[in-house]
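# Analysis of the macromolecular model
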Amino acid sequence: MIEIKDLHYNYAGSKYNVFDGLSVGLDNNSIYGLLGRNGTGKSTLLYLIAGLLKPKSGSVFTNGMEARKRHPEMLRELYMVPEEFELPAISLESFIKIHEDFYPHFSRETLERCLSDFQVQGIRSLRNISMGQKKKVFMSFALASGCELLLMDEPTNGLDIPSKALFRKIVAGNIPEGSTLVISTHQVHDVEQLLDHIIILDNCNLLINASTDEIVGRYEFGYRMPDQMDNNILYAEPSLQGNAVVALRQKDSPETPINVELLFNAAILGKLK
Amino acid sequence: MNSFNIIRFGNVLRRLCIVRRKKIISLTLGLTIFFALTGIMSIDPFHIGPIDKTEITIRFLGVLGMIVIVFSTFLTIGGYLIISDLNNKNSLIDELTLPASALEKFVARLLFVTIGVMLSLAVSFLVADVIQQLLCMLLHAGTRVSMLGFILDSYPGIRNGFGSLSIYFIAYLFQNSIFVLGGVFFKKVPWLCTIIVLFLLFTIISLAIIGLVSYIYGYTNYHLSLPDIQVCTPLKFLIGAVFTGLNYFLAYRLFCRLQVINNRWFNI
């Protein structure tokens, strides 16, 4: 689905390399979490996949087509929900009419269902609605587009607390069959239950690129009291319930739910084996 | 890969017209107000009563220059509007991820800033003309003079039909292509940057020609003579057409290279 080989990229006028030989592949029919500290290139990677930026060297292929060439055949199977966006000051019906013809798998039924689930079905005009409402409309359209590849940059920013839970339910229930969703976010708690695969970037390096099954098969996440700490623990941080730990999973231990934030902190500090 | 699909192009053009209609409406309204006020001030609005048509015509003569300058300025530099709405990351993402080829998007935008701006100017002038005629009839007991008729009489070349109009259209396309190229190349205040570059180019070329002629006359026994006018005119058209095509082509290539984040002051 997405093939990135030996990617090098830096912004014009900057000596700092955002990517320095990155190679990664993203498969179909998965939900990827793209994590990293500020400025590590999460949004940049999404832009490169969508063909919005051109690599300095290396290649980015999306659906078998070179992303930087922005073929219409690639773009009609790709929808990007950026962190910030503007909707034109027109009616919702006009917005749908001028865009739906570009996406051959667009579904009005899915759109109506998503708008209803997000509780914004009453919106008629995009003119005077709040940022959160615009985001819900935009994400509803993204899910209704039926695209094989959805890219979302900080999708839960600007959503109220109930809507963050709704977001997970709506995405899980409406993502097109066989599609790939790549979510770049800092708000890991909002999306960790959705993710099939985690990618963590830091300083031009790929720290983690593994499925959640592989991660929970290799590591266990839990809380330990100070007297329960042992040599299997790779990383620990204090919390109200004791020490939140990432440890190597023992053969007979049951799988534990993944704690993405803890995994992220451990990976950034180089604690994971 | 289908690089130009007429149905998809139609969808792109329709979307562009709807998304940018506020811009074209505000341009049309602004020009209508300007032309209408110019026309109204020419019909002696503070004098109520019969007035001679000749007097109105003489007053129009006073403002004709200004009308023609404003009209031709907008017609000339209107090309810079080609990507003026893509001035931030969000609008660039919308445009660049739209499932259409770069050629379809570019041609749609080109039509918008050539035909769209021409129509806007034409509609604003016609509406302003109607407004000033109605007001004139109200104030001056039925007397009216059309600004459009007056301009057509002042420039007989326009009335001469298709041949003259086609010359004006070709000249318009040449000027439009320069500002389209400038509009795509420069990120900030493209119309001003294009004018400055044109001024510099014109100055450099003029100085080069003057220098060459001075050298020829000052240091050689040669004399310069221009070729026969019959050959000159088609040659001018050919050169103009080549440069027009080249400008549009370069603008298209630059459009294809647009990226969502660019820290430079030009779009390369």
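Residues numbered from 1 in each chain as written. Chains lettered and ligands numbered in written order. Predicted model: local features only at pLDDT ≥ 70, side-chain atom pairs only at ≥ 80, totals over all residues. Heavy atoms only, no water.

### What about the pairing of strand E3 (residues 31-36) of chain A?
All names here are of chain A. Filter applied, for reference: Exposure is judged per residue with a 1.4 Å probe applied to protein chains only, and the accessible area is read against the type maximum: over 50% gives exposed, under 20% gives buried, and values in between give partly exposed. The helix and strand labels rest on DSSP assignments: H or I over at least four residues marks a helix, E over at least two residues marks a strand, and numbering proceeds from the N terminus. A strand pair is defined by DSSP finding two or more bridges across the two strands.
Most of E3 sits inside the fold, with six of its six residues counted as buried. The alternating pattern of E3 places Ile-31, Gly-33 and Leu-35 and Tyr-32, Leu-34 and Gly-36 on opposite faces, both of which are buried. Taken together, the four bridges between E3 and strand E8 (residues 180-184) define a ladder with parallel strand orientation. Its bridge partner lying in E8, Ile-31 is registered against Leu-181. Of the strand pairs in this sheet, E3 and strand E9 (residues 197-202) are connected by five bridges, and their pairing is parallel. Residue pairing across strands places Gly-36 opposite Leu-201, the latter belonging to E9.

### A few points about the interface of chain B and chain A
This is how it is decided: In what follows, residue pairs with any heavy atoms lying within 4.5 Å of each other are defined as contacts. Computed with a 1.4 Å rolling probe, the buried area is the accessible surface lost when two parts are put together, summed over both parts. Between Lys or Arg on one side and Asp or Glu on the other, a salt bridge is scored when a side-chain nitrogen of the former is within 4 Å of a carboxyl oxygen of the latter. As a working rule, the residues Ala, Val, Leu, Ile, Met, Phe, Trp, Tyr, Cys and Pro are called nonpolar, Asp, Glu, Lys and Arg charged, and the rest polar, with Gly in that last group.
Taken together, the contacts link 30 residues of chain B with 29 residues of chain A. Each partner contributes to the roughly 2700 Å² buried at the junction of chain B and chain A, and carbon and sulfur atoms together form 61% of this total. Linking chain B to chain A there are one salt bridge. Among the salt bridges present, the one from A:Asp101 reaches B:Arg14, with a minimum N-O distance of 3.2 Å. Taken together, the elements giving at least two residues each to the side of chain B that touches chain A come down to helix H1 (6-19) and helix H4 (89-96) of chain B. For the side of chain B that touches chain A, the per-class residue count stands at 13 nonpolar, eight polar and nine charged.

### Some thoughts on the UniProt feature "transmembrane region" (unreviewed entry) in chain B
All names here are of chain B. To be explicit about the condition: UniProt positions are given in the numbering used here, feature names are shortened, and annotations may be inferred rather than shown by experiment.
Mapped onto this numbering, the UniProt entry gives "transmembrane region" (unreviewed entry) at residues 24-46, 58-83, 106-127, 167-186, 193-217 and 237-255. Across residues 193-217 one finds 100% helix and 0% strand; the C-alpha atoms that close the span lie 36 Å apart. Along residues 237-255 one finds 100% helix and 0% strand; the C-alpha atoms at either end are 27 Å apart.

### Quick notes on the sheet that holds strand E4 (residues 57-62) of chain A
Residue and element names in this part refer to chain A. Heads up, the rule is: Only the stretch in contact is used when fitting a helix axis, every axis being a line fitted to C-alpha atoms; angles between N-to-C directions are given from 0 to 180 degrees.
The four strands are arranged E2-E1-E4-E5 in an open sheet whose pairing can be described as antiparallel. Looking at the sheet topology across the chains shown, the edges are occupied by strand E2 (19-26) and strand E5 (65-66). Relative to E2, strand E1 (residues 2-9) is paired through six bridges, and the arrangement is antiparallel. Its bridge partner lying in E2, Ile-2 is registered against Leu-26. Each of E1, E2 and E4 touches helix H1 (residues 42-49); the most contacted strand, E1, lies at about 120° to it.

### Points about a negative patch on the surface
Counted only if it meets this: Nonpolar side chains (Val, Leu, Ile, Met, Phe, Trp, Tyr) are joined into patches within 5 Å and like charges within 9 Å, using only residues with over 30% relative accessible area and no salt bridge. Surface exposure here means Shrake-Rupley accessible area, sampled with a 1.4 Å probe, where a residue is shielded only by the protein chains that are shown. Within this scheme the basic residues Lys and Arg register as positive and the acidic residues Asp and Glu register as negative, but His and the chain ends are omitted. Every charge is mapped to an atom, namely NZ of Lys, CZ of Arg, CG of Asp or CD of Glu.
Side chains of A:Asp196, A:Asp213, A:Glu214 and A:Glu255 sit close together on the surface and give a patch of like negative charge. Following the sequence through the fold, A:Glu214 ends up in helix H8 (residues 212-218).

### Some words on the state of the cysteines
Our working definition: In this description, the term disulfide denotes a pair of cysteine sulfurs within 2.5 Å.
For the coordinates displayed, the defined rule picks out zero disulfides over all chains. The thiol sulfur of A:Cys147 is not disulfide-bonded, and the nearest other cysteine sulfur, from A:Cys114, lies at 13 Å.

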